[in-house]
Amino acid sequence: MSGGTELGKQAKAYMDRGDLVPDEVTNAMVRDRLAQQDAQGGFLLDGFPRNVAQAETLNKILDDLGERLDAVLELKVDEEEIVKRLSGRRSCRNCNNVQHVVYDPPATEDVCDVCGGELFQREDDREEVVRHRLDVYHEQTEPLVSFYANEGILVTIEATGPVDEVTARAKAALRNGS
Ligand SMILES: Nc1ncnc2c1ncn2[C@@H]1O[C@H](COP(=O)(O)OP(=O)(O)O)[C@@H](O)[C@H]1O
Ligand SMILES: [Zn+2]
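Residues numbered from 1 in each chain as written. Chains lettered and ligands numbered in written order. Predicted model: local features only at pLDDT ≥ 70, side-chain atom pairs only at ≥ 80, totals over all residues. Heavy atoms only, no water.

In the nomenclature of an unreviewed UniProt entry, the protein is known as Adenylate kinase of Streptomonospora nanhaiensis. For the protein, the Pathway (unreviewed entry) comment in UniProt is given as "Purine metabolism; AMP biosynthesis via salvage pathway; AMP from ADP: step 1/1." Per UniProt, the protein has the following entry under Subunit (unreviewed entry): "Monomer." (UniProt positions renumbered as here; feature names shortened; annotations may be inferred.)

Printed below as a string of structure tokens:
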């Protein structure tokens, strides 16, 4: 979410607290993005929808475009593992590379392996905020599991383990639709 605009500043305040940005903001972004040329041959949405209202809006947007979702992928991970992954994440101020203090430690502490820029911890990756994001998930996002199961397009995988294994599991599950 880039800097200066009033809307950007408002959104950042929600994000830093670990709350969802208001639906008007995200819905408009998704509507605009899906209308662009390169989305016509297919698209993958990551982190949207995050609540039932967004899911209903998404169905309307897709109806208007004459499209529909083929699959919704649910990644299941133990909660304490999620806390470890996010609270140990470090992002580069310069090139947006993402590393992890334990799982992908930089050669020099707090220095990006890719560009030598400074690694920092996102405000919302602080442990207290991660735990709040999990509460928000259970309250607002988890209902989408049954929403999409009812639509018959939910695909669930266990997302614990090495990145390449989880990637392989996701690809296989999306091919088989189960
Ligand atoms: N669909 C959405 N609706 C509302 N806010 C969102 C949505 N997606 C992302 N955000 C905002 O952006 C923040 C960070 O997004 P998130 O997907 O958790 O980041 P990451 O995938 O990098 O961990 C969220 O906590 C929330 O404030
Ligand atoms: Zn970098």
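1. Here's the deal with the coordination of the zinc ion (ligand 2)
Taken together, the protein donors to the zinc ion (ligand 2) comprise C92 (SG), C95 (SG), C112 (SG) and C115 (SG), at separations of 2.2 to 2.4 Å. Between the four donor atoms coordinating the zinc ion (ligand 2), the angles at the centre fall across 99 to 113 degrees, so the site counts as tetrahedral. Here the donor residues for the zinc ion (ligand 2) map to a single chain with the spacing C-x2-C-x16-C-x2-C. For C112, a relative accessible area of 3% puts it in the buried group. (Donors = N, O, S within 2.8 Å, 3.2 Å for Na, K, Ca; no water. Tetrahedral: all angles 85-135°; square planar, octahedral: opposite > 155°, others 65-115°. Buried < 20%, exposed > 50% of the residue type's maximum accessible area, 1.4 Å probe, protein only.)

2. What to know about unusual backbone geometry
Residue P49 follows F48 across a cis peptide bond; omega there is -5 degrees. Mapped onto the elements, P49 comes out in the loop between α2 (23–34) and α3 (52–65). A positive phi angle, close to 70 degrees, is found at N96, a residue other than glycine. Topologically, N96 is positioned in the loop between β2 (89–92) and β3 (98–100). For N96, a relative accessible area of 64% corresponds to the exposed category. Phi at D110 is positive, roughly 65 degrees, even though this residue is not glycine. Looking at the element boundaries, D110 is found in the loop between β3 and β4 (119–120). (Helix = DSSP H or I, 4+ residues; strand = E, 2+ residues; numbered from the N terminus.)

3. Digging into the UniProt feature "domain: Adenylate kinase active site lid" (unreviewed entry) in the protein
Here the UniProt-annotated "domain: Adenylate kinase active site lid" (unreviewed entry) positions come out as residues 89–124. Structurally, residues 89–124 is divided into 0% helix and 25% strand, and its ends, taken at the C-alpha atoms, are 11 Å apart.

4. Let's talk about the UniProt feature "binding site: AMP" (unreviewed entry) in the protein
Following the UniProt record, one finds the feature "binding site: AMP" (unreviewed entry) at D19, L20, V21, G47, F48, P49, R50, Q54, R122 and R133. The named residues occupy 115 residues along the chain; their greatest pairwise C-alpha distance, 25.0 Å, places them well apart from one another. Along the polypeptide, D19 turns up in the loop between α1 (6–17) and α2. Among the residues examined, D19 registers a relative accessible area of 26% and is labelled partly exposed. Contacts of D19, omitting those with residues within four sequence positions, involve Y14, H132 and V136. A polar atom in the side chain of D19 sits 3.2 Å from the side chain of R17. Positionally, Q54 belongs in helix α3. (Contact = heavy atoms within 4.5 Å. Polar contact = N/O pair within 3.5 Å; in protein donor to acceptor, adjacent residues only side chain to side chain.)

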